[in-house]
Amino acid sequence: MQTDTLDIADTSPQDWKYISEGGSTIVFSYVGPPNARFDRTALRLRKGPTQAHEDPEKYQKSQLAQEEEHTIENAPVDAGSSLDDLSEPDDPTIVFQRTVIEQLMPIEHLPRLQSVHVERAWLEKLAERTEPLRPHERRAKDTIDRGRRKAVLATDLVGGAGWAVEIKPKWGFLPNPTHLSLETRAIKTRTCRFCMHAHMKSTQGEDVALGYCPLDLYSGDAARVEQALRALWDVWVGTGGKVNNLRVFVEGKMVKPRADLESLAPLTTQLFPASTNPDSAHPLDTLRDAFISTLLPLLMHTPVLRTLSTLQRTLDALDIEGLAALWSRVHPTMPLGTGPAARDPDMAEWARFISVRAARGAQDNAEEDHVVPETQEELRYRVAAYLLGASFKDCSIILRMQPRTTDTGADVGGTVTVIDLDVKGVDRLAKWAALDREIVDAYRGVAPRDCVDAHYDGGGGGVPLA
Ligand SMILES: [Zn+2]
C-alpha cells in the first residue's frame, strides 16, 4: 500500500497558507513558486494536544499513567519517543481511501491523496508561522503534531482562482421500518434524522440549519434541490456562517457572511464579474438567486448525491436500533460497543468487508435485510457496514466552480468531490445509540415535519407507516 513518498522539505514552510482546521487535522494550501508536484495541492497535518509539545516527557508519563486509549488517527506517534522514519505507515486516511472508499465512490469524485514525508524542524517553522492565525479556542487545545513523519497531500479544492462551495449534506434517507421498535417506528419513518436532530439542538439554544431538509437536497427534483439550497443560504447568512452545513471559499479564503453586501463582496465579484454590485432593488436576494442558479445544474447532473444516499441507506440497513438488538442477541452480557468484540476492523477486515458486500450485492438486498442471521460473523459485517455508513453520513462535498470569464450568463463548469471520509471507531456505537434515543424522545409530542424520501423503497412504497 506504500507509494512513492514526496518530501515536504522540497518546499519552504512559507509556501503554505493556513486554510482551516477540524477536530484532528489542520489544512494548508500551496502558494509557493510553480512546482509540478505541489501546485494546486493542500497539506493535511495531524494535530496533537498542546501539552505534548510543551513538555513531551511529562506528557508521555501522564499518558502512560492514564493508559488512555487513542484511536489510530489521534495517537501522537512520537511524543518524545523516537520512531524510525521509514516505519511510520501512510496516514490511515490514505490507506482507508484506497482500500475501501475507492471501491464505492467513483475516483473522479474523490480528492487525489498522496503520502508526503515531513520532519520536525520543518513542522516547527510552519507551526510558528501558523499559531497566531488559529482560533484562540483551538490553540488552547491542540497544535500541529511535530512528531509525525508522514502527512497527507491532497487536491486543493478551494484554493486558486475561482470559488468553491462546501456542503455537509448529512443523512439522506428515511430508515427501513423493519428493524425499528414499535415505539419509534411512526416517528422515525415520518421525519428525517437531520430534521429531528435540528429540532433538538434548536431547543437547546444551538445554531442549526433549521428549514434545511437533506431529503430535499438528495431528491433529484429541481424544485426541492433549489429549496434546500435556499434554506442553506438563509442559515449561512443568518448565523454569520456559524453552522457548518454550508461554506463558501473565494480564491482560497473562507467568506464570513453577514447580512450585508460588503461581507459578501468576494462572492459578488465571482457571480457578477462585470459590475461590483448586482443591479437590483434587493441586491441580497439577487445574489442568493445567482448563487442558487449556479449551483443547481451542477447538483442536478452529478451522480454524487444519489450515490451517497444509496450508500448511507444500504450500509445502515438495520438502523442503530436493529444493530443494537443484533449485538445484544450475539453478546447478551456485553453492552453495545464494549468487550473483546468491540475491536475496530483492521485494513484486512475492511478489504474482506468490501468483497463480501460486493458478493451479497448480487442478491436481493431488501429481502436479505429482513432475515439477519444472529452470528458473530454477521454482527462483524453489520458493525463494519454501520461504521462505513457513518463516514458517508458525515462527509462533505466540494462544488468547485471554474472562474467565469464573461458576464453573459454562460454555463459555469464545475466539479463535485467528496471529502472527509475518515474511518469511524466501534467505540462510537454506544454514543450513537444514546443520541438516537435522545433525538427521538425530544421529538415526541412535536407537530412532526413530513420529510419526503424520493428514493424510498423499503416496502412502504414511499408512504411512511402510520
Ligand atoms: Zn427532513
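Small disclaimer: the values here were computed from a predicted structure and weren't measured.

Student: I would appreciate a short explanation of the pairing of strand β9 (residues 246-250) in the present structure.
Tutor: The side chains of a regular strand alternate between both faces of the sheet. β9 sits mainly inside the fold: 4 of its 5 residues count as buried. Here 5 bridges tie strand β8 (residues 163-167) to β9, and the two strands are oriented antiparallel to one another. Bridging from a neighbouring strand, I167 pairs with L246 of β9. For β9 and strand β10 (residues 253-254), the ladder comprises 2 bridges, and the chain directions are antiparallel. Directly across from V250, in β10, lies its bridge partner K253. In sequence, β9 turns back onto β10 through a hairpin of 2 residues, with E251 there showing a positive phi of about 45 degrees.

Student: Can you help me understand the pattern of salt bridges in this one?
Tutor: Oppositely charged side chains can form a pair if their charged atoms are brought close together. Across all of its chains, the model carries 34 salt bridges by this definition. Among the salt bridges present, the one from D91 reaches R46, with a minimum N-O distance of 2.8 Å. Linking D91 in the loop between α2 (56-66) and α3 (92-99) with R46 in strand β4 (residues 41-49), this pair joins segments that are 45 residues apart in sequence. For the residue pair D91 and R46, the accessibility class agrees, reading buried in each case. Several salt bridges converge on common partners, so that one network encompasses E21, K47, E131, R134, R139 and D142.

Student: Explain the sheet that holds strand β11 (residues 396-401) to me, please; I cannot follow it from the model alone.
Tutor: Paired through backbone hydrogen bonds, the strands of a sheet run either parallel or antiparallel to each other. Pairing within the open sheet is antiparallel, and its 5 strands lie in the order β10-β9-β8-β11-β12. Sheet topology places β10 and β12 (414-419) at the edges, where each strand pairs with a single neighbour. Pairing analysis gives 6 bridges linking β11 to β12, with the strands arranged antiparallel. Bridge pairing in β12 places R400 opposite T415. Sitting on the sheet, helix α11 (residues 283-301) is in contact with β8, β9, β11 and β12, with an inclination near 110 degrees to β11.

Student: Looking at this model, I keep getting lost on the environment of A341. Mind explaining?
Tutor: Note on placement: A341 falls in the loop between α13 (319-330) and α14 (347-360). When its relative accessible area of 16% is taken as the criterion, A341 is described as buried. Linking A341 and R380, residues 39 residues apart in sequence, is a C-alpha distance of 8.3 Å. For A341, the contacting residues outside a window of four places in its chain are W327, H331 and R380.

Student: What am I meant to see in the coordination of the zinc ion here?
Tutor: On the protein side, the zinc ion has C192 (SG), C195 (SG), C213 (SG) and C451 (SG) as donor atoms, found 2.3 to 2.4 Å from it. The coordination sphere of the zinc ion comprises 4 donor atoms, whose angles at the metal cover 103 to 114 degrees; the geometry is tetrahedral. If you list the donors of the zinc ion from N- to C-terminus, the spacing comes out as C-x2-C-x17-C-x237-C. With C192 in the loop between α6 (182-188) and α7 (193-203) and C451 in the segment after α17 (429-443), this residue pair connects regions lying 259 residues apart in the sequence.

Student: Would you mind going over α3 with me for this structure?
Tutor: Each turn of an α-helix holds 3.6 residues, which means side chains three or four residues apart point in the same direction. Taking burial as the measure, the 8 residues of α3 include 7 buried ones, the bulk of the element. By the burial criterion, the buried members of α3 are P92, T93, I94, V95, F96, Q97 and T99. If you follow the buried residues of α3, they end up packed against β4, β5 (113-117), β7 (150-155), α14 and α16 (376-394).

Student: Would you take a moment to explain the environment of T99 for this structure?
Tutor: When you line up the elements, T99 lands in helix α3. Separated by 249 residues in the primary sequence, T99 and A348 place their C-alpha atoms 8.9 Å from one another. There is a polar contact of 2.7 Å between the side chain of T99 and the backbone oxygen of V95.

Conventions adopted
- Residues numbered from 1 in each chain as written.
- Predicted model: local features only at pLDDT ≥ 70, side-chain atom pairs only at ≥ 80, totals over all residues.
- Heavy atoms only, no water.
- Buried < 20%, exposed > 50% of the residue type's maximum accessible area, 1.4 Å probe, protein only.
- Helix = DSSP H or I, 4+ residues; strand = E, 2+ residues; numbered from the N terminus.
- Pairing = 2+ DSSP bridges.
- Salt bridge = Lys/Arg side-chain N within 4 Å of Asp/Glu carboxyl O.
- Contact = heavy atoms within 4.5 Å.
- Axes fitted to C-alpha atoms, helices over the stretch in contact; angles between N-to-C directions.
- Donors = N, O, S within 2.8 Å, 3.2 Å for Na, K, Ca; no water.
- Tetrahedral: all angles 85-135°; square planar, octahedral: opposite > 155°, others 65-115°.
- Polar contact = N/O pair within 3.5 Å; in protein donor to acceptor, adjacent residues only side chain to side chain.

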